[in-house]
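The lines below spell out each chain.
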Amino acid sequence: APAADSDTSADSADHGFAKIGGVLVSSSYRAGEYTLLFGCGVNVANRLPTTSINSVIREYNSAHGAGLATLPVEKALALITAKFEELYRQFLVRGFEPLLKLYYKNWLHSGQAVTLADRSYEKARVVGLDPTDGQLQVRSVASPGTVYSLQPDGNSFDMLHGLISRKA
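Nothing here was measured: the structure is a model prediction, and the numbers come from that model.

For helix 2 (residues 73-94), built from 22 residues, the straight-helix expectation of 32 Å at 1.5 Å per residue is met to within 8% by its first-to-last C-alpha distance of 31 Å. Just downstream of helix 2, glycine 95 is the residue with a positive phi angle, here 85°.

With a phi close to 50°, alanine 31 is a non-glycine residue in the positive phi region. With respect to the helices and strands, alanine 31 occurs in the loop between strand 2 (16-30) and strand 3 (33-42). The residue tyrosine 121 is not glycine, and still its phi comes out positive at about 60°. By the element assignment, tyrosine 121 lies in the loop between strand 4 (113-116) and strand 5 (122-129).

So, about helix 1 (residues 53-64). In this model helix 1 runs 16 Å from its N-terminal to its C-terminal C-alpha over 12 residues, within 8% of the 16 Å that 1.5 Å per residue would give. Listed in full, the buried residues belonging to helix 1 are Asn54, Ser55, Ile57 and Asn61. Looking straight down helix 1, one finds its buried side chains confined to an arc of 160°; they lie on one side. Residues Ala63 and His64 are exposed on helix 1 and point more than 90 degrees away from its buried face. Following helix 1 by one or two positions, glycine 65 adopts a phi angle in the positive range, close to 60°.

The rules we used
Residues numbered from 1 in each chain as written. Predicted model: local features only at pLDDT ≥ 70, side-chain atom pairs only at ≥ 80, totals over all residues. Heavy atoms only, no water. Helix = DSSP H or I, 4+ residues; strand = E, 2+ residues; numbered from the N terminus. Expected span 1.5 Å × (residues − 1). Buried < 20%, exposed > 50% of the residue type's maximum accessible area, 1.4 Å probe, protein only. Arc of directions from axis to C-beta.

Functional significance is not addressed by these values, which are geometric in nature.
Written out as structure tokens, the structure reads:
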């Protein structure tokens, strides 16, 4: 089943932009029906391995003399669930295209330089997502007219090293 993942980051004084969460979606199609399995993880309170929402709040409070309250895990869960439900209802009514703009607004990968391990380590830049099927699209640096669509279930994106390779 195809799977797609996406990371969430925060701007932290200690870490710059640091991963604080991610999403994984697996899909299957059978007998004319799509089934999606959605998973979401957000680091609310753990300082490691990168940072957390509450760590960023504490850093902000310290740097600005502010008194923002930290976020209880239960409230984070409620907020995420409510927002997901809102976005899902929008998707059912209007499709994926209107949500793509919101996705890109919060996405860090646009224009990112990557190396395609399965194409003789060809250099490329992330273009975006294909609006029809959600595949990651990258443009060859050596041949700018060439755009590759990469299936999420068959590729792994190592964001730290900018390396895209076939999953083992």
